[in-house]
Amino acid sequence: AINAVEEQQRNDFHPWTLARIAQVLAAAGRTEEALHTAQRVEDDDLRSWALARIAQAMAAVGRFQEARQTAERVESNNLRSQVLAQIAQALDASGRTEEAQTTFQEARQAAERVEYDISGNRNRSWALAQIAQALDASGRTEEAHKTFQEAKLSAYRIEYDFYGAIPHTLSNIAQSMYACGRLQDSKNTFKEAILLANHLEYFILFNRYRVFSRIAQAMAASEMTLEAQNTFQEALRSAYHTKPNHI
(Lines give C-alpha, C1' and ligand atoms only; values in the text may rest on other atoms or scores of the structure.)
Protein backbone atom coordinates (compact mmCIF):
# COMPACT_ATOMS: atom_id res chain seq x y z
CA ALA A 1 0.00 0.00 0.00
CA ILE A 2 2.84 2.36 0.83
CA ASN A 3 4.48 1.67 -2.53
CA ALA A 4 1.20 2.44 -4.30
CA VAL A 5 0.94 5.77 -2.47
CA GLU A 6 4.56 6.63 -3.33
CA GLU A 7 3.89 5.73 -6.97
CA GLN A 8 0.86 8.02 -7.11
CA GLN A 9 2.82 10.86 -5.51
CA ARG A 10 5.58 10.47 -8.10
CA ASN A 11 3.07 10.59 -10.94
CA ASP A 12 1.85 13.93 -9.61
CA PHE A 13 5.34 15.48 -9.64
CA HIS A 14 6.63 18.04 -12.13
CA PRO A 15 8.78 16.41 -14.88
CA TRP A 16 11.95 18.08 -13.55
CA THR A 17 11.23 16.76 -10.05
CA LEU A 18 10.68 13.25 -11.43
CA ALA A 19 13.97 13.46 -13.32
CA ARG A 20 15.79 14.48 -10.14
CA ILE A 21 14.14 11.66 -8.18
CA ALA A 22 15.35 9.20 -10.83
CA GLN A 23 18.87 10.59 -10.46
CA VAL A 24 18.80 10.23 -6.66
CA LEU A 25 17.44 6.68 -6.87
CA ALA A 26 20.19 5.72 -9.30
CA ALA A 27 22.88 7.23 -7.04
CA ALA A 28 21.46 5.14 -4.18
CA GLY A 29 21.78 1.98 -6.29
CA ARG A 30 18.02 1.62 -6.81
CA THR A 31 18.39 1.53 -10.57
CA GLU A 32 15.22 -0.40 -11.39
CA GLU A 33 13.14 2.18 -9.54
CA ALA A 34 15.18 4.92 -11.18
CA LEU A 35 14.45 3.56 -14.66
CA HIS A 36 10.77 3.16 -13.82
CA THR A 37 10.64 6.78 -12.63
CA ALA A 38 12.58 8.11 -15.62
CA GLN A 39 10.11 6.53 -18.04
CA ARG A 40 7.36 8.59 -16.43
CA VAL A 41 9.08 11.87 -17.30
CA GLU A 42 7.00 13.29 -20.14
CA ASP A 43 9.52 15.89 -21.29
CA ASP A 44 11.91 14.31 -23.84
CA ASP A 45 14.97 16.34 -22.84
CA LEU A 46 14.47 15.77 -19.11
CA ARG A 47 13.90 12.04 -19.67
CA SER A 48 17.16 11.89 -21.65
CA TRP A 49 18.94 13.72 -18.84
CA ALA A 50 17.58 11.30 -16.22
CA LEU A 51 18.50 8.20 -18.26
CA ALA A 52 22.00 9.57 -18.82
CA ARG A 53 22.48 10.00 -15.07
CA ILE A 54 21.22 6.45 -14.46
CA ALA A 55 23.67 5.09 -17.04
CA GLN A 56 26.51 6.98 -15.32
CA ALA A 57 25.56 5.48 -11.95
CA MET A 58 25.53 1.99 -13.45
CA ALA A 59 28.96 2.46 -15.02
CA ALA A 60 30.36 3.77 -11.74
CA VAL A 61 29.66 0.40 -10.07
CA GLY A 62 30.85 -1.70 -13.02
CA ARG A 63 27.44 -2.57 -14.49
CA PHE A 64 28.71 -1.74 -17.95
CA GLN A 65 26.32 -3.75 -20.09
CA GLU A 66 23.30 -2.26 -18.34
CA ALA A 67 24.89 1.18 -18.55
CA ARG A 68 25.30 0.90 -22.31
CA GLN A 69 21.77 -0.41 -22.75
CA THR A 70 20.43 2.52 -20.73
CA ALA A 71 22.56 4.98 -22.69
CA GLU A 72 21.00 3.70 -25.90
CA ARG A 73 17.61 4.74 -24.54
CA VAL A 74 18.78 8.37 -24.25
CA GLU A 75 17.02 10.16 -27.10
CA SER A 76 19.32 13.19 -27.15
CA ASN A 77 22.35 12.42 -29.34
CA ASN A 78 24.28 15.10 -27.47
CA LEU A 79 23.69 13.54 -24.03
CA ARG A 80 24.08 9.99 -25.36
CA SER A 81 27.50 10.79 -26.80
CA GLN A 82 28.68 12.27 -23.51
CA VAL A 83 27.47 9.43 -21.31
CA LEU A 84 28.88 6.80 -23.71
CA ALA A 85 32.26 8.54 -23.48
CA GLN A 86 32.10 8.35 -19.69
CA ILE A 87 31.17 4.66 -19.85
CA ALA A 88 34.08 4.06 -22.25
CA GLN A 89 36.45 5.80 -19.84
CA ALA A 90 35.22 3.56 -17.00
CA LEU A 91 35.67 0.48 -19.21
CA ASP A 92 39.24 1.51 -19.99
CA ALA A 93 39.96 2.01 -16.29
CA SER A 94 38.70 -1.54 -15.70
CA GLY A 95 41.08 -2.93 -18.32
CA ARG A 96 38.34 -3.73 -20.83
CA THR A 97 40.09 -1.88 -23.63
CA GLU A 98 38.32 -3.45 -26.62
CA GLU A 99 34.88 -2.67 -25.19
CA ALA A 100 36.10 0.81 -24.37
CA GLN A 101 37.24 1.38 -27.95
CA THR A 102 33.87 0.22 -29.30
CA THR A 103 32.02 2.47 -26.85
CA PHE A 104 34.18 5.48 -27.72
CA GLN A 105 33.28 4.89 -31.38
CA GLU A 106 29.59 4.77 -30.46
CA ALA A 107 30.02 8.05 -28.58
CA ARG A 108 31.54 9.70 -31.65
CA GLN A 109 28.77 8.35 -33.87
CA ALA A 110 26.16 9.83 -31.53
CA ALA A 111 27.94 13.20 -31.59
CA GLU A 112 28.04 13.15 -35.38
CA ARG A 113 24.26 12.63 -35.45
CA VAL A 114 23.58 15.91 -33.66
CA GLU A 115 21.72 17.94 -36.27
CA TYR A 116 23.52 20.73 -38.10
CA ASP A 117 22.04 24.04 -37.08
CA ILE A 118 23.14 26.92 -34.85
CA SER A 119 22.51 25.06 -31.58
CA GLY A 120 23.40 21.71 -33.16
CA ASN A 121 26.94 22.70 -34.06
CA ARG A 122 27.44 24.14 -30.59
CA ASN A 123 26.11 20.96 -28.97
CA ARG A 124 28.23 18.79 -31.26
CA SER A 125 31.32 20.78 -30.36
CA TRP A 126 30.66 20.40 -26.65
CA ALA A 127 29.94 16.69 -27.03
CA LEU A 128 33.17 16.15 -28.99
CA ALA A 129 35.13 18.12 -26.38
CA GLN A 130 33.75 15.84 -23.65
CA ILE A 131 34.68 12.77 -25.69
CA ALA A 132 38.18 14.18 -26.20
CA GLN A 133 38.52 14.75 -22.46
CA ALA A 134 37.49 11.15 -21.74
CA LEU A 135 39.91 9.86 -24.41
CA ASP A 136 42.75 11.87 -22.86
CA ALA A 137 41.93 10.56 -19.37
CA SER A 138 42.14 7.04 -20.82
CA GLY A 139 45.60 7.70 -22.22
CA ARG A 140 44.40 7.83 -25.84
CA THR A 141 46.19 11.12 -26.43
CA GLU A 142 46.34 11.08 -30.22
CA GLU A 143 42.65 10.32 -30.53
CA ALA A 144 41.96 13.05 -27.97
CA HIS A 145 43.94 15.62 -29.98
CA LYS A 146 42.11 14.71 -33.18
CA THR A 147 38.73 14.92 -31.45
CA PHE A 148 39.52 18.33 -29.95
CA GLN A 149 40.32 19.59 -33.45
CA GLU A 150 37.03 18.18 -34.73
CA ALA A 151 35.24 20.00 -31.90
CA LYS A 152 36.82 23.29 -32.97
CA LEU A 153 35.95 22.67 -36.63
CA SER A 154 32.34 22.05 -35.65
CA ALA A 155 32.30 25.35 -33.72
CA TYR A 156 33.49 27.25 -36.78
CA ARG A 157 30.59 25.78 -38.77
CA ILE A 158 28.07 27.74 -36.70
CA GLU A 159 26.30 30.15 -39.06
CA TYR A 160 24.82 33.60 -38.42
CA ASP A 161 26.84 34.06 -35.25
CA PHE A 162 25.24 37.33 -34.14
CA TYR A 163 25.16 36.17 -30.54
CA GLY A 164 28.76 35.05 -30.16
CA ALA A 165 28.13 31.29 -30.13
CA ILE A 166 31.46 30.56 -31.85
CA PRO A 167 33.76 32.34 -29.33
CA HIS A 168 31.65 31.05 -26.45
CA THR A 169 31.93 27.47 -27.74
CA LEU A 170 35.67 27.83 -28.37
CA SER A 171 36.17 29.02 -24.79
CA ASN A 172 34.43 25.89 -23.51
CA ILE A 173 36.67 23.73 -25.69
CA ALA A 174 39.71 25.62 -24.39
CA GLN A 175 38.58 24.94 -20.83
CA SER A 176 38.32 21.21 -21.59
CA MET A 177 41.81 21.32 -23.11
CA TYR A 178 43.15 22.95 -19.95
CA ALA A 179 41.52 20.22 -17.83
CA CYS A 180 43.56 17.69 -19.84
CA GLY A 181 46.81 19.58 -19.26
CA ARG A 182 46.98 20.77 -22.89
CA LEU A 183 48.03 24.23 -21.81
CA GLN A 184 49.33 25.60 -25.10
CA ASP A 185 46.36 24.30 -27.07
CA SER A 186 44.09 25.85 -24.45
CA LYS A 187 45.79 29.25 -24.66
CA ASN A 188 45.72 29.25 -28.45
CA THR A 189 42.02 28.39 -28.49
CA PHE A 190 41.23 31.12 -25.96
CA LYS A 191 43.08 33.57 -28.22
CA GLU A 192 40.92 32.49 -31.16
CA ALA A 193 37.80 33.04 -29.02
CA ILE A 194 38.94 36.56 -28.06
CA LEU A 195 39.78 37.46 -31.66
CA LEU A 196 36.33 36.39 -32.85
CA ALA A 197 34.59 38.13 -29.96
CA ASN A 198 36.33 41.39 -30.88
CA HIS A 199 34.84 41.14 -34.36
CA LEU A 200 31.26 40.79 -33.19
CA GLU A 201 29.04 43.57 -34.53
CA TYR A 202 29.58 46.32 -32.00
CA PHE A 203 26.00 47.54 -32.09
CA ILE A 204 24.97 44.33 -30.30
CA LEU A 205 26.59 45.56 -27.10
CA PHE A 206 24.86 43.20 -24.71
CA ASN A 207 26.00 40.19 -26.72
CA ARG A 208 29.61 41.40 -26.66
CA TYR A 209 29.37 41.86 -22.89
CA ARG A 210 27.87 38.40 -22.43
CA VAL A 211 30.42 36.65 -24.68
CA PHE A 212 33.46 38.34 -23.12
CA SER A 213 32.08 37.57 -19.65
CA ARG A 214 31.70 33.89 -20.49
CA ILE A 215 35.20 33.71 -21.96
CA ALA A 216 36.55 35.40 -18.81
CA GLN A 217 34.77 32.85 -16.62
CA ALA A 218 36.24 29.97 -18.62
CA MET A 219 39.71 31.54 -18.36
CA ALA A 220 39.34 31.96 -14.60
CA ALA A 221 38.28 28.32 -14.27
CA SER A 222 41.45 27.44 -16.23
CA GLU A 223 43.60 29.43 -13.77
CA MET A 224 44.46 32.06 -16.40
CA THR A 225 43.92 34.86 -13.88
CA LEU A 226 45.52 37.78 -15.69
CA GLU A 227 43.93 36.90 -19.03
CA ALA A 228 40.55 36.53 -17.29
CA GLN A 229 40.88 39.98 -15.72
CA ASN A 230 41.75 41.58 -19.07
CA THR A 231 38.86 39.84 -20.78
CA PHE A 232 36.40 40.90 -18.10
CA GLN A 233 37.59 44.50 -18.55
CA GLU A 234 36.72 44.13 -22.22
CA ALA A 235 33.26 42.95 -21.16
CA LEU A 236 32.86 46.06 -19.02
CA ARG A 237 33.95 48.30 -21.89
CA SER A 238 31.23 46.74 -24.03
CA ALA A 239 28.69 47.31 -21.27
CA TYR A 240 29.62 50.98 -21.00
CA HIS A 241 29.54 51.55 -24.78
CA THR A 242 33.22 52.42 -25.06
CA LYS A 243 35.49 51.59 -27.97
CA PRO A 244 36.61 47.95 -27.90
CA ASN A 245 40.25 47.23 -27.11
CA HIS A 246 41.80 44.28 -28.93
CA ILE A 247 43.45 41.93 -26.48
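What comes next concerns the included structure.

Quick notes on the rules
Residues numbered from 1 in each chain as written. Predicted model: local features only at pLDDT ≥ 70, side-chain atom pairs only at ≥ 80, totals over all residues. Heavy atoms only, no water. Helix = DSSP H or I, 4+ residues; strand = E, 2+ residues; numbered from the N terminus. Buried < 20%, exposed > 50% of the residue type's maximum accessible area, 1.4 Å probe, protein only. Contact = heavy atoms within 4.5 Å. Areas by Shrake-Rupley, 256 points an atom, 1.4 Å probe, with all protein chains shown as cover. Expected span 1.5 Å × (residues − 1). Salt bridge = Lys/Arg side-chain N within 4 Å of Asp/Glu carboxyl O.

Take the overall build of the protein chain next. Each helix and strand counted, the protein chain has 13 helices and 0 strands in total. Along the protein chain, from the amino end to the carboxyl end, the secondary structure elements read α-α-α-α-α-α-α-α-α-α-α-α-α. Split into buried and exposed, the 247 residues of the protein chain put 45% on the buried side. Taking as baseline every contact in the protein chain between residues at least 6 positions apart, the subset at least 24 positions apart corresponds to 55%. Carbon and sulfur atoms make up 50% of the accessible area of the protein chain, which totals about 12,700 Å².

This brings us to helix α10 (residues 165–179). With 15 residues, α10 extends 21 Å between its outermost C-alpha atoms, agreeing within 8% with the 21 Å of an ideal straight helix rising 1.5 Å per residue. Following α10 by one or two positions, Gly 181 has its phi on the positive side, about 80°.

Let us now look at the pattern of salt bridges. Tallied over the entire structure, the rule returns 12 salt bridges. With a closest N to O distance of 2.6 Å, Glu 66 and Arg 63 form a salt bridge. For Glu 143, the salt bridge is made with Arg 140, and the minimal N-O distance between the two is 3.7 Å. Judged by its relative accessible area of 33%, Glu 143 is partly exposed. For Arg 140, a relative accessible area of 15% gives the class buried. Among the charged side chains, a network of salt bridges with common partners joins Asp 44, Arg 47 and Glu 75.

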